Amino acid sequence: MHEHSFILKGNLCYSETKDRLSVTEQGYLVCCEGISRGVFPVIPDKYQNLPVKDYGDRLIIPGMTDLHVHAPQYPFRGIGMDLELLDWLNTHTFPEESRYADPEYAEKAYRIFVEDLRKSASTRAVIFGTIHLPATEFLMKELDASGLVTYVGKVNMDQNCTDDLRETDAHVSLESTAAWLRETSGKYPNAHPILTPRFAPTCSGPLLEGLGKLQKEYGLPVQSHLSENLSEIAWVQELFPWSSCYGNVYEHYGLFGGDVKTVMAHCVHSSDQEVELMKKNGVYVAHCPQSNINLSSGIAPIRRYLEAGIPTGLGTDIAGGANMSMFRCMADAIGVSKLYWRLADQNRKPLTMEEAFFLATKGGGSFFGKTGSFEEGYEVDALVLDDTGIRTTKELSTKERLERYIYLAEEGGRLVGKYAAGKELF
Ligand code: GUN
Ligand code: FE
């Protein structure tokens, strides 16, 4: 029997579309060699000999994708929330990230990050490292061994940051990135490299140009930040006066979708033109609501992105976001969408629970291919949720139990089983 072939039994919930949540009570999820063969009310004859893991009355849902998270910022999560983006970077973020020049510190910190991510609801994550090679390779090694599936980026930055975190110039940054790609190539099958210009302000034109060339040479995906904060956007316009919008800077250098799989964090204040460009190029939005609250960045118009068909998922943006929980992230996404609707635009309805669940699972998961659902052909990432610790006298439907778990996971929820790409992690 193939070790990644089995059946999970329980109350199965997954997104078919952003509006349609499939619920099968006491159903069977058939996984053959890591791939879903579908969800069934009874086990089909041809799968009768697969081992069944019966999770009783627990909920079983797809694993979640944290589409934007900074591993090196984990040590200062929950601290220093009284500043806006640019001051926060200089005061808290750059000093902490510069510590990862010391491999011993990096190993200690990254061990904690990976252990906690492994225990979390995320089965997949798109991760920023730092500029440092040994630290970033260690992060990839630990993630790969964890069973999680990730993209990991060595960060590029050659201007507008503290001296000890600035790569000397574009040439040095590019050489270092090429060395990182050579060094890690093929070594970590579940921790894939992703090009990571930090954001336009910390990258010179020659650096972005060189990254565009590296992208073509290696065919790598790209992650960065976009239109998170109003001062940041004004600064990008000063630094790149020829650009028609912030996203155009990345586009100019071949780092903004089209043939290049690209995810941009935030997109809180994207102009109409920028939204058109994201739509035309199929650029992913990583919506990070808790970070946008903590750094007073604003509220991203996610309804608008969904209506435009822009691929969208959710990110924690640790340490802009203090919390690694994707359940909390969903609740925050719903919450801020209600404020947006009430305060900013009454034509953009709040996100529903189904939509937030879709974003956290199938929406963000699609960055990895067919993941984040239990439909036939999807890689099986699954979470088993025990909600018996969230006490109530009320009789709840399965869908209500799921909704309640999103809001109360931290109160009494327990993640008692986790599978990524068909592999049982616990
Ligand atoms: N923009 C550039 N760097 C960062 C970062 O580390 N966090 C957030 N939230 N925004 C950024
Ligand atoms: Fe970020």
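Residues numbered from 1 in each chain as written. Chains lettered and ligands numbered in written order. Predicted model: local features only at pLDDT ≥ 70, side-chain atom pairs only at ≥ 80, totals over all residues. Heavy atoms only, no water.

Chemist: Help me understand the overall build of the protein, please; the structure alone is not making it clear to me.
Modeler: Secondary structure assignment for the protein yields 13 helices and 17 strands. Taken against the 2.2 N^0.38 rule, which gives 22 Å for 426 residues, the C-alpha radius of gyration of the protein at 21 Å falls within 12% of a compact globule. Within the protein, counting contacts between residues at least 6 apart in sequence, those at least 24 apart form 75% of the total. Per element, the accessible surface of the protein, about 16,400 Å² overall, is 48% carbon and sulfur. (Helix = DSSP H or I, 4+ residues; strand = E, 2+ residues; numbered from the N terminus. Rg over C-alpha atoms; globule rule 2.2 N^0.38 Å. Contact = heavy atoms within 4.5 Å. Areas by Shrake-Rupley, 256 points an atom, 1.4 Å probe, with all protein chains shown as cover.)

Chemist: Sorry, what's going on with the packing of aromatic side chains here?
Modeler: Centre distance and the angle of the planes are the two values used to describe a pair of aromatic rings. On inspection of all chains with the given rule, the structure shows 16 aromatic pairs. Judged by centre distance (5.1 Å) and plane angle (85°), the ring pair of tyrosine 284 and phenylalanine 367 falls under edge-to-face. One end of the pair, tyrosine 284, is in strand S13 (residues 284-287); the other, phenylalanine 367, is in the loop between helix H12 (353-365) and strand S15 (382-386), and 83 residues separate them in sequence. Phenylalanine 367 sits in the buried class, given a relative accessible area of 0%. Seen in terms of ring centroids, phenylalanine 327 and tyrosine 405 are 4.9 Å apart; in terms of plane orientation they differ by 65°. Their pairing is edge-to-face. Of the two residues, phenylalanine 327 is situated in helix H11 (residues 326-343) and tyrosine 405 in helix H13 (residues 398-412); the sequence distance between them amounts to 78 residues. (Phe/Tyr/Trp six-rings, centres within 6.5 Å; stacked < 30°, edge-to-face > 60°. Buried < 20%, exposed > 50% of the residue type's maximum accessible area, 1.4 Å probe, protein only.)

Chemist: What exactly am I supposed to notice about the pattern of salt bridges here?
Modeler: Pairing of side chains with opposite charge becomes possible as their charged atoms draw close. One pass over the structure, following the stated rule, counts 27 salt bridges. For glutamate 307, the salt bridge goes to arginine 348, with nearest N and O atoms at 2.9 Å. Of the two residues, glutamate 307 is situated in helix H10 (residues 302-308) and arginine 348 in the loop between H11 and H12; the sequence distance between them amounts to 41 residues. Through salt bridges with shared partners, a single ionic network connects Lys18, Asp19, Arg303 and Glu355. (Salt bridge = Lys/Arg side-chain N within 4 Å of Asp/Glu carboxyl O.)

Chemist: Can you walk me through the sheet that holds strand S11 (residues 222-226) in this structure?
Modeler: The pairing of strands in a sheet comes from backbone hydrogen bonds and takes either a parallel or an antiparallel form. The sheet built from four strands is open, its strands ordered S11-S12-S13-S14 with parallel pairing. The outermost strands of the open sheet, each flanked by one partner alone, are S11 and strand S14 (312-314). Mean inter-strand twist for the sheet, computed between neighbouring axes without regard to direction, equals 30°. With three bridges connecting them, S13 and S14 associate as parallel partners. For histidine 287, the partnering residue across the bridge sits in S14 and is leucine 314. In the packing of H12 onto the sheet, contacts are made with S13 and S14, and the angle to S14 comes to roughly 105°. (Pairing = 2+ DSSP bridges. Axes fitted to C-alpha atoms, helices over the stretch in contact; angles between N-to-C directions.)

Chemist: Before we go on, may I ask you to explain the site of ligand 1 in this structure?
Modeler: Neighbouring ligand 1 are His70, Gln73, Leu85, Trp88, Leu89, Arg198, Phe199, His225, Glu228, His266, Ser291 and Asp317. Take glutamate 228: an N or O atom from its side chain is 2.7 Å from a nitrogen atom of ligand 1. Protein burial of ligand 1: of its 280 Å² of free accessible surface, 100% is covered by the chains. Top contributing element to the shell around ligand 1 by residue count: helix H1 (residues 85-98), with three residues. When the residues that make up the shell around ligand 1 are grouped by side-chain class, the tally is four nonpolar, five polar and three charged. (Near = heavy atom within 4 Å. Polar contact = N/O pair within 3.5 Å; in protein donor to acceptor, adjacent residues only side chain to side chain. Nonpolar A, V, L, I, M, F, W, Y, C, P; charged D, E, K, R; others polar.)

Chemist: Help me out: how do you make sense of the pairing of S15 in this one?
Modeler: Burial of S15 is extensive: five of the five residues sit out of reach of the surface. In S15, alternate side chains face the same way, and those of Ala382, Val384 and Asp386 on one face and Leu383 and Leu385 on the other are all buried. For strand S4 (residues 52-62) and S15, the ladder comprises four bridges, and the chain directions are antiparallel. Across the sheet, the residue bridging to proline 62 is alanine 382, located in S15. Relative to strand S16 (residues 414-420), S15 runs antiparallel, the two sharing five bridges. Looking across to S16, one finds that alanine 382 is bridged to tyrosine 419.

Chemist: Help me understand the coordination of the iron ion (ligand 2), please; the structure alone is not making it clear to me.
Modeler: Ideal geometry at a metal centre: 109.5 degrees between donors when four sit tetrahedrally, and 90 or 180 degrees when six sit octahedrally. Listed as protein donors to the iron ion (ligand 2) are His68 (NE2), His70 (NE2), His225 (NE2) and Asp317 (OD); their distances from the metal cover 2.0 to 2.2 Å. Binding-site remark: the iron ion (ligand 2) is held by donors from one chain whose sequence spacing is H-x1-H-x154-H-x91-D. With relative accessibility at 2%, the residue histidine 68 sits in the buried group. Overall, histidine 70 belongs to the buried group, its relative accessible area being 2%. (Donors = N, O, S within 2.8 Å, 3.2 Å for Na, K, Ca; no water.)

Chemist: Quick question: what am I supposed to make of helix H3 (residues 133-146) here?
Modeler: The end-to-end C-alpha distance of H3, which contains 14 residues, comes to 20 Å, matching closely the 20 Å that a straight helix rising 1.5 Å per residue would cover. One or two residues past the end of H3 sits glycine 147, with phi positive at roughly 90°. (Expected span 1.5 Å × (residues − 1).)

Chemist: What is the right way to look at the side chain of serine 22 in this model?
Modeler: Within the fold, serine 22 resides in strand S2 (residues 21-32). Given a relative accessible area of 11%, serine 22 falls into the buried group. Residues contacting serine 22, with those up to four places away along its chain left out, are Leu12, Cys13, Tyr14 and Glu16.

Chemist: What is the right way to look at the environment of arginine 198 in this model?
Modeler: With respect to the helices and strands, the residue arginine 198 is situated in the loop between strand S10 (196-197) and helix H5 (205-218). Sequence separation between arginine 198 and lysine 108 is 90 residues; the distance between their C-alpha atoms is 23 Å.

Chemist: Would you explain the sheet that holds strand S6 (residues 122-128) in this entry?
Modeler: The parallel open sheet is built from four strands, whose spatial order is S5-S6-S7-S9. One side of each edge strand has no neighbouring strand; the edge strands of this open sheet are strand S5 (64-70) and strand S9 (191-193). Sheet twist, expressed as the mean angle between neighbouring strand axes with direction ignored, is 20°. Bridging between S6 and strand S7 (residues 149-153) involves five bridges; their strand directions are parallel.

Chemist: I tried to follow unusual backbone geometry on my own but got confused; where do I start?
Modeler: Generally, phi is negative for residues other than glycine and the peptide bonds are trans, each holding for most cases. In this chain, isoleucine 318 is followed by alanine 319 through a cis amide linkage whose omega measures 5°. Positive phi, close to 50°, is recorded for glutamine 26, a residue that is not glycine. Looking at the secondary structure, you find glutamine 26 in strand S2. Glutamine 26 sits in the partly exposed class, given a relative accessible area of 30%. Positive phi, normally seen in glycine, also occurs at serine 296, with a value near 50°. Within the fold, serine 296 resides in the loop between helix H9 (289-294) and H10.

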